[in-house]
Amino acid sequence: MITTSETKLPRISTALPGPKSQLVIDYDKKYMSPSYMRDYPFVAERGYGAIVEDPDGNAFLDFAAGIAVCSTGHCHPKVVEAIQKQAAELIHIAGNDFYHRHMPQLAEQLVKTMPKPQDYRVFFGNSGTEAVEGAIKLARYATRRDKLIAFYGCFHGRTLGSLSLTASKNTQRKGFGTLLGGVEHIPYPYAYRCALGHTKETCGGEIIEFLEQQIFKRLFAPEEVAAIIVEPIQGEGGFIPAPLFFLQELQRICNRHGIVLIVDEVQAGMGRTGKWWAYDHAGITPDIVLTAKGIASGMPISAFIAKESIMQWKPGAHGTTYGGNPVCIASALATMELIEGGLMANARKIGDYVFGKINDWPQRFKIVGDVRGKGLMIGVEFVRDQKTKEKAADLRDRVIDNAFHRGLLTLGSGENSIRLSPPLIIDEEQADCAIRIMEESIREAEKNL
Ligand SMILES: Cc1ncc(COP(=O)(O)O)c(C=O)c1O
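A quick note: this is a predicted structure, and the numbers were derived from the prediction, not measured.

Another aspect to go through is unusual backbone geometry. A cis amide bond links L16 to the next residue, P17, at an omega of -10°. For M270, which is not glycine, the phi dihedral falls at a positive 60°. One non-glycine residue, K389, lies in the positive phi region at around 60°. With respect to the helices, strands and loops of the structure, K389 is situated in the loop between β14 (377-385) and β15 (390-391). For K389, a relative accessible area of 28% translates into the label partly exposed.

A cluster of nonpolar side chains, Y27, Y31, M32 and Y36, forms an exposed patch at the surface whose accessible area comes to about 510 Å². Within the fold, Y36 resides in the loop between α1 (19-31) and β1 (46-48). Owing to a relative accessible area of 47%, Y36 belongs among the partly exposed residues under this scheme.

By the definition in use, this model includes ten aromatic pairs. Judged by centre distance (4.7 Å) and plane angle (40°), the ring pair of Y40 and F404 falls under tilted. With a gap of 364 residues between them, Y40 in the loop between α1 and β1 and F404 in helix α11 (residues 393-405) connect regions that are remote in the sequence. Both residues of the pair, Y40 and F404, count as buried. An angle of 10° between the planes, with centres 5.4 Å apart, marks the rings of F60 and F404 as stacked. In this pair, F60 is assigned in strand β3 (residues 59-62) and F404 in helix α11, connecting sequence segments 344 residues apart. When its relative accessible area of 0% is taken as the criterion, F60 is described as buried. Among the aromatic residues, those joined into a cluster by ring pairs are Y40, F42, F60 and F404. Positioned above the aromatic ring of Y141 is the side chain of R144, whose terminal nitrogen or guanidinium carbon lies 4.5 Å from the ring centre. Sitting over the face of the ring of Y192, K389 holds its NZ or CZ atom 4.4 Å from the ring centroid.

Rules used throughout
Counting starts from 1 at the beginning of each chain's written sequence and moves along it residue by residue. In keeping with the model being predicted, local features are shown solely for residues with a pLDDT of at least 70 and side-chain atom pairs are shown and tallied solely at 80 or more, while totals for entire chains, interfaces and linings include all residues. Just so you know, side-chain values use all the structure's heavy atoms and leave hydrogens and water out. A run of DSSP states H or I qualifies as a helix once it reaches four residues; a run of E qualifies as a strand once it reaches two. Both are numbered from the N-terminal end. Between buried and exposed lies partly exposed: a residue is buried under 20% and exposed over 50% of the maximum accessible area for its type, with that area taken using a 1.4 Å probe on protein chains only. Residues with no salt bridge and a relative accessible area higher than 30% make up the patches, which join like charges within 9 Å and nonpolar side chains (Val, Leu, Ile, Met, Phe, Trp, Tyr) within 5 Å. All accessibility values rest on the Shrake-Rupley procedure with a 1.4 Å probe; residue burial counts only the protein chains present in the view. By salt bridge we mean one thing: a side-chain nitrogen of Lys or Arg within 4 Å of a carboxyl oxygen of Asp or Glu. When the centres of two rings from Phe, Tyr and Trp lie within 6.5 Å, Trp using its six-membered ring, the rings pair. Their planes under 30 degrees apart give stacked, over 60 give edge-to-face, and anything left gives tilted. The criterion is that NZ of a Lys, or CZ of an Arg, lies within 6 Å of the ring centre and within 35 degrees of the ring normal, and then a charge sits over that ring.

Rendered as C-alpha cells:
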C-alpha cells in the first residue's frame, strides 16, 4: 500500500540533480574511491515498490533495480518484516563453524528449483564474484584439471579469479597485471552481429565447431579443461540471450569430456526471465549454477549450487565468515516465496506485454538496431546506422540521460545498449509509462542526429 505522498509513477519537481542531491554528490566526491562509475547524477534517499525517491522529493520509476537486484521492488513489506524479525533473533554466528537452520532452509528452496533437487548441494557467499570464485575452485578441485573456458563479452566479477573470466571491457582488467593462467575466451553467440547472418535461434553453431576443432585441438585438450562458464543471457555484455541450442550443445560437449558446465545466473536468474533460471528455457542440467543479485532483494548473499557428485571437497577446502548470514537468508526466503507466489509469472506476463509493444522499435526508430531479451530482462541496442550497425554509445548515453530527466532510471549495458531490468512487481501502467518515456527519450536523441 502506498501512502498519500507516495506514487506509482515518476514525479519530477526540480532540476536534476536537485540541491539536496548535489550536496550528497559533493560529499561523495570528497571521500569515495573514484573507481565508482555513476553514469548520471541520481541520488537515492528512499524506495518503495518500483519507485525510488531522491533527497529532493523527486520520484523515479526504477528500471535498473540496483543492477537487477531489487527483484521484489524496494523495501517489500514482507521482505522488510523478515529482515527485522531475523535481526532481532540472530544476526550472525558463522556457518563456517556452527550450524544454524537458516542455511539448509534456503539451500532446500534453492535445490528445489534444480532439475533434480536431490542431486545438488549449496555453498553460500556474499556477492556474485564470490560465487564465481568458489565455482572455479570447486571445478578445479573436482576435476583435478585447471583450464577454464569463458566467452567474450561476459562479465563474471572483479576479484582476480573471476576477473580472469570476465571479458567485458578492458578498463575492468587494465592495470591489474597478470590474471589467472589457463583461461581461454571464445566468441559468444551474438545474433544481431552474427558474421554469418544467423538468426536469434540459429547463431553460434560455428562457435561450437571452433571450440571443438580449434580450441580443443590446438590449445587445450578437452581432458585438461576443468570448466566452461557461460551466462545464458549476457548481462553486462548487452542483455544478449544465447540461442537455446547453443546451451544444449555446451552441455553435450561438457558431458562428453567430463568438463564442469557452470551457468552464471547472477544477473539472469531468480525469475527475471519468467522461469527460475534463464537456462531452464533450454532444458539443460548444469553442473554448477551461480546466483546472487535478485536472490535477496538487496541483502548481500550469493550461492553456488553444485551437483553432489562434484561438491565432494573436504572440510576446510572452502569457507567464509559471513556467507549464509541469517538476516540475508531471511530476506532470500521471503524473496523466493514472493517470486514463486506470483512475481515470476508477472515477469513473464509483463515481459511479453512490453516486448509486444517495443519489438518494432527498430522499424520505428532509426537509432534502434535491436530489441532482445526474455521476461523482464530487456536489452535495446543503439546504432548510428541500421545498415552498417555502427555502434552509437553516445546516442545510447543520451537516451539514458533523457530518460533520467523524465523520471526513468535505466542502465547502460555493453558498448551501446540499454538494459531494462525493473523489479518483477511492475504492472502494465508502469510498463506503459517506461515505454512512453523511452520512446520520447529516443525521439529526442534522434532529433540531434
Ligand atoms: C553475470 C554476473 N556474474 C557475476 C557478477 C558479479 O557479481 P557481484 O558484483 O555481486 O560481485 C555480475 C555482476 O554484475 C554478473 O552480472
